[in-house]
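If you want the building blocks of each chain, they are given just below.
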Amino acid sequence: MEPSAASGFLTAFASDAVEFEDFDAVVRLHWPAVFRFTLASVRDRDVAATLTQDCFLHAWRGWGRFRGDSTVKTWIMRIAVNLVRDHSRDRRLQFWKRVAAQALDIQTAGERLADERISTEARILREERVRAVWNVSASLPEKQRTAFLLRFVEDMQLLEIAAAMGVKEGTVKVHLFRAVQAVRERLGGAQ
Amino acid sequence: MSEHLSSRGISEWASGTRPPEVENHLHECAECREELTRLHGALSDFRDSLRSWGAAEGAPPQPMWRTENAQGAHRLRWALAAMVLVLLAAIPVYLARDRPRPGGTSAEDAVLLEQIDANVSRTVPATMEPLTSLVSWSSTNPAAATAKSLTKR
């Protein structure tokens, strides 16, 4: 028996519902990573929230075309990387970016490391180190910062980072090396 | 490898480039290991701080993709409602198309037909009727008029 138009409609409706559920799960899983990445990149929570929303809106529109050539995380992070890059290159926003750069209080970044087991001195030292890394990451060129954040915050592999940035693995290694050198110089380890 | 790792070697190792000779050296050299541990400690503190920051402020809002889809469904729903209204309005017009009109209108039709008959039965058009009064003799008996004019000659 051939399926009727009504049953076809119901099947399509059911598959839409399944797709919704799938995508909701994707959002729940990857939203924090995208928000972290955008927050550390643009250093403004409002802009980061907007970029994260845009990222998932783009992902939703392209969800039907996702063929699983990479992991979902890599695919979504690639969208986020492109959005952050476009945002950074938008010269019309340069002034607002300068203002917004002060919006995120990096001084409080280290205070978010709540660990009551360590001494006050150790905690202060830790907070200083965190602030130093935050400041270094802010001063890095865009591609170095992107590679640095994806590697050391999101724990992505080199090949995944390469796919997310749309560059070769060797290029990622170079960006990472320079970023790590900059961090070590700030921390006093590199000579 | 007896000497310590170079600054470049340590940065390369931390970046993910891990040759076996460097790995062997790290097993033997506590100083280089400590240097790397310090670096990894700073990086993982940075990661933890960013993760806790993101977790505190980055809760997913109302999903926009559903809103977008809902807006599409909303528009479709309005279009369907408008179509139904147009159909409902068209049905009575369609049904009344062939129905005979009530008796009141047949009297009007009879008057109209009489007027048409009257116009059709005119000998001359209405605009020429004043002229016919001027030459009414010729129109009543044209043969007599002709005879009269001949006798006068």
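S.K.: Looking at this model, I keep getting lost on the overall build of chain A. Mind explaining?
M.R.: Along chain A, the regular secondary structure elements total eight helices and zero strands. When the helices and strands of chain A are read in sequence order from the N terminus, they spell out α-α-α-α-α-α-α-α. Residues counted as buried form 35% of the 191 residues belonging to chain A.

S.K.: When you look at the overall build of chain B in this model, what are you seeing that I'm missing?
M.R.: Within chain B one finds eight helices and zero strands. From first element to last, N terminus to C terminus, chain B shows the α and β order α-α-α-α-α-α-α-α. Within chain B, the proportion of its 153 residues that are buried is 12%.

S.K.: Which parts of the structure should I look at to understand the packing of helix α1 (residues 7–15) of chain B against helix α3 (residues 30–57) of chain B?
M.R.: A pair of packed helices is characterised by two quantities: the angle between their axes and the separation of those axes. Residue and element names in this part refer to chain B. One way to put it is that α1 packs onto α3 with a least axis distance of 11 Å and a crossing angle of 50 degrees. As judged from the angle between their axes, α1 and α3 are oblique. For the crossing formed where α1 meets α3, the hand is right-handed. Along its contact with α1, which presents Ile10, Trp13 and Ala14, the element α3 presents Cys32, Glu35, Leu36 and Leu39. Residues that form the contact of α1 with α3 fall into these classes: six nonpolar, no polar and one charged.

S.K.: Honestly, the interface of chain A and chain B in this entry has me stumped. Any pointers?
M.R.: Frequently, the measure chosen for interface size is the accessible area removed from exposure when the parts meet. On the side of chain B, 29 residues touch chain A, which itself brings 38 residues to the contact. Among the secondary structure elements, those contributing two or more residues to the side of chain A that touches chain B are α1 (5–42), α2 (45–62), α5 (120–139), α6 (142–152) and α8 (169–187) of chain A. Broken down by element, the residue count for the side of chain A that touches chain B peaks at 10 residues, all from α1 of chain A. Residue composition of the side of chain A that touches chain B, by class: 23 nonpolar, five polar and 10 charged.

S.K.: Just checking my understanding: could you explain α2 of chain A for this structure?
M.R.: Each turn of an α-helix holds 3.6 residues, which means side chains three or four residues apart point in the same direction. Here α2 of chain A is 18 residues long and its end C-alpha atoms lie 25 Å apart, about the 26 Å a rise of 1.5 Å per residue gives. The set of residues buried in α2 of chain A consists of Val47, Ala48, Leu51, Thr52, Gln53, Cys55, Phe56, Ala59 and Trp60 of chain A.

S.K.: Would you take a moment to explain the environment of Ser11 of chain B for this structure?
M.R.: Among the structural elements, Ser11 of chain B can be located in helix α1. Of the residues examined, Ser11 of chain B has 24 C-beta atoms within 10 Å and is grouped as buried. For the pair Ser11 of chain B and Leu39 of chain B, spaced 28 residues apart in the sequence, the C-alpha separation amounts to 9.3 Å. Those residues in contact with Ser11 of chain B, other than ones at most four positions away along the chain, are Phe177, Val180, Gln181 and Arg184 of chain A.

S.K.: I keep staring at the nonpolar core and nothing clicks. Help me out?
M.R.: When a protein is soluble and globular, its nonpolar side chains tend to lie buried together. If you look at the biggest cluster of nonpolar residues, it comprises 55 residues, and the most contacted ones within it are Val34, Cys55, Ala80, Val133, Ala147 and Ile161 of chain A together with Phe46 of chain B. Of the residues forming this core, the biggest block, nine residues, is contributed by α1 of chain A. Counting residues domain by domain, this core receives three or more from each of domain 1 (7–104) and domain 2 (140–191) of chain A. Aside from chain neighbours lying at most four places away, what touches Val34 of chain A is Thr52, Cys55, Ile76 and Ala80 of chain A.

S.K.: Explanation requested: the packing of α2 of chain A against helix α3 (residues 72–89) of chain A in the structure shown.
M.R.: All names here are of chain A. Relative orientation of the contacting elements α2 and α3 amounts to 130 degrees, with a least axis distance of 9 Å. As summarised for this structure, α2 and α3 are arranged oblique, according to the angle between their axes. For α2 against α3, the interelement crossing comes out right-handed. Between α2 and α3, the contacting residues are Leu51, Asp54, Cys55, His58 and Ala59 on the first element and Ile76, Ile79, Ala80, Leu83, Val84 and His87 on the second. Its residues assigned to classes, the contact of α2 with α3 shows eight nonpolar, two polar and one charged.

About the thresholds
- Residues numbered from 1 in each chain as written.
- Chains lettered and ligands numbered in written order.
- Predicted model: local features only at pLDDT ≥ 70, side-chain atom pairs only at ≥ 80, totals over all residues.
- Helix = DSSP H or I, 4+ residues; strand = E, 2+ residues; numbered from the N terminus.
- Buried ≥ 20, exposed ≤ 12 C-beta atoms within 10 Å, placed from the backbone.
- Axes fitted to C-alpha atoms, helices over the stretch in contact; angles between N-to-C directions.
- Parallel < 35°, antiparallel > 145°, perpendicular 65-115°, else oblique.
- Left-handed = near helix turned anticlockwise from the far one by under 90°.
- Contact = placed C-beta atoms within 7 Å.
- Nonpolar A, V, L, I, M, F, W, Y, C, P; charged D, E, K, R; others polar.
- Expected span 1.5 Å × (residues − 1).
- Core = buried A, V, L, I, M, F, W, Y, C linked by C-beta atoms within 7 Å.
- Domains from an automatic or database assignment.

The quantities given are spatial measurements derived from coordinates; they are silent on function.
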